[in-house]
Amino acid sequence: MSDIYLVDDHALMRDGLRVVLEHGGHRVVGESDDPTIALADIQRLTPGVLLLDLNLGKRSGLELLEQLPRRKLATRTIVLTMSAQPHHVAEALRMGAAGYVLKGSPAATVLAAVGTVVREGRYLGPGVDELAAKALTQTLRPGALGQLSARERQIILLVVRGHSSNAIAELLHLSPKTVDSYRSRLMGKLEVSDVPALVRLAIREGLISADEM
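Residues numbered from 1 in each chain as written. Predicted model: local features only at pLDDT ≥ 70, side-chain atom pairs only at ≥ 80, totals over all residues. Heavy atoms only, no water.

Participant: Help me get a handle on the overall build of the protein, residues and values and all.
Facilitator: For the protein, the helix and strand inventory stands at ten helices and eight strands. Taking all 213 residues of the protein together, the buried fraction comes to 52%. The long-range share in the protein, meaning contacts at least 24 apart out of those at least 6 apart in sequence, stands at 65%. Of the roughly 10,100 Å² of accessible surface on the protein, a fraction of 55% belongs to carbon and sulfur atoms. (Helix = DSSP H or I, 4+ residues; strand = E, 2+ residues; numbered from the N terminus. Buried < 20%, exposed > 50% of the residue type's maximum accessible area, 1.4 Å probe, protein only. Contact = heavy atoms within 4.5 Å. Areas by Shrake-Rupley, 256 points an atom, 1.4 Å probe, with all protein chains shown as cover.)

Okay, structure coming up:
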């Protein structure tokens with residue numbers, strides 16, 4: 001039996017996962033739709049596995065995933081998401097996710113992912129290995145998002161989702177002045193003058209999809 005924490009912005013999804021996991025012999029020790037609350041809970045409850053959605057309204061599950069190694073938390077993460085975008089798979093794995101499963105997969109796949117991750121393995125659901133391989137071969141046009149660092153791409157994601165500089169600073173443990181400097185430098189690099197133009201660029205380059213807005 002494993003202790004599992006759920007992060008998803010749909011209560012119905014969390015309820016369904018709870019039934020599947022508990023029927024499979026696991027214990028759900030907590031759940032949330034908010035990365036900040038989830039991080040505090042995980043520090044307190046120390047679950048073995050985190051099932052994490054990427055799209056959490058105006059926030060991203062990647063915010064939480066990035067914090068786990070920073071806080072030296074041993075919880076292993078399985079991303080369970082609708083996103084079949086190669087760059088999301090690559091980013092999640094780079095940040096330390098031990099598994100990536102697409103929503104819509106059978107319950108048996110979720111249970112297999114949990115079992116593998118608990119045994120210190122890595123689990124990629126059906127089709128995800130092809131997405132990971134595609135991410136390795138994709139290149140962005142010169143002068144677009146391909147020139148940016150991981151931190152700059154993360155800040156773009158937060159900006160296009162509507163976060164203020166103060167909110168981004170709090171999430172990423174930076175000063176608002178540092179975030180403002182990032183934003184100004186990003187606008188210059190990408191040759192955009194406002195946030196709507198940045199949103200259009202992010203969608204066009206595949207950094208974010210329109211349905212994530």
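Participant: Summarise the layout of surface pockets; cite the residues concerned and give the values.
Facilitator: Its volume calculated, the second largest pocket comes out at about 260 Å³. Counting residues per element, the ones that place at least two in the lining of the second largest pocket are helix 2 (35–45), helix 3 (61–70) and helix 8 (165–172). Its residues placed into classes, the lining of the second largest pocket shows five nonpolar, four polar and four charged. (1 Å grid on protein atoms, 1.4 Å probe; cavity = no way out; pocket = protein on both sides within 12 Å on 5 of 7 lines; lining within 4 Å. Points joined across faces, edges and corners; volume = space filled by probe spheres on them. Nonpolar A, V, L, I, M, F, W, Y, C, P; charged D, E, K, R; others polar.)

Participant: Tell me what's going on with empty space enclosed by the protein, and back it up with residues and numbers.
Facilitator: For the structure shown, the criterion picks out two cavities of 30 Å³ or more. Considered as a void within the structure, the largest cavity measures approximately 60 Å³ in volume. Counting residues per element, the ones that place at least two in the lining of the largest cavity are helix 3 and helix 7 (150–160). Classifying every residue of the lining of the largest cavity gives four nonpolar, two polar and three charged.

Participant: If you had to explain the packing of helix 2 against helix 3 to someone new, which residues and values would you point to?
Facilitator: Close contact between helix 2 and helix 3 brings their axes to 9 Å; oriented N to C, the two are set at 30°. One finds that helix 2 runs roughly parallel with respect to helix 3. Like other packed secondary-structure pairs, helix 2 and helix 3 cross with a definite hand, here right-handed. Across from P35, A38, L39 and I42 in helix 2, the residues of helix 3 making contact are E63, L64, Q67 and L68. Per-class residue counts for the contact of helix 2 with helix 3 are six nonpolar, one polar and one charged. (Axes fitted to C-alpha atoms, helices over the stretch in contact; angles between N-to-C directions. Parallel < 35°, antiparallel > 145°, perpendicular 65-115°, else oblique. Left-handed = near helix turned anticlockwise from the far one by under 90°.)

Participant: Describe in detail the sheet that holds strand 1 (residues 3–7), supporting the description with residues and values.
Facilitator: Sheet architecture is open: six strands sit in the order 2-1-3-6-7-8, paired in parallel fashion. Edge positions in the sheet fall to strand 2 (27–32) and strand 8 (123–124), since each has one partner strand and no second. Bridge analysis of strand 3 (residues 49–52) against strand 6 (residues 76–81) gives four bridges, and the strand direction is parallel. Bridged to V49 within strand 6 is R76. The sheet strands contacting helix 3 are strand 1, strand 3 and strand 6, and the helix crosses strand 3 at an angle near 160°. (Pairing = 2+ DSSP bridges.)

Participant: Describe the environment of S175, naming the residues involved and giving the relevant values.
Facilitator: By the element assignment, S175 lies in the loop between helix 8 and helix 9 (176–190). A polar side-chain atom of S175 sits 2.8 Å from a polar atom in the side chain of T178. (Polar contact = N/O pair within 3.5 Å; in protein donor to acceptor, adjacent residues only side chain to side chain.)

Participant: Go over the environment of V128, please, and point to the residues and values.
Facilitator: Relative to the helices and strands, V128 is located in helix 6 (residues 128–137). Separated by 44 residues in sequence, V128 and A84 place their C-alpha atoms 7.6 Å apart. Residues contacting V128, with those up to four places away along its chain left out, are V89, Y100 and L102.

Participant: Give me the lowdown on the pairing of strand 6, citing residues and values where you can.
Facilitator: Burial runs high along strand 6: five of the six residues are buried. Pairing of strand 6 with strand 7 (residues 99–102) involves four bridges; the strand directions are parallel. Opposite V79, over in strand 7, you have Y100 as the bridge partner. What joins strand 6 to strand 7 is helix 4 (residues 86–94), and the crossover it makes is right-handed. (Right-handed = clockwise from strand over helix to strand, strands pointing away.)

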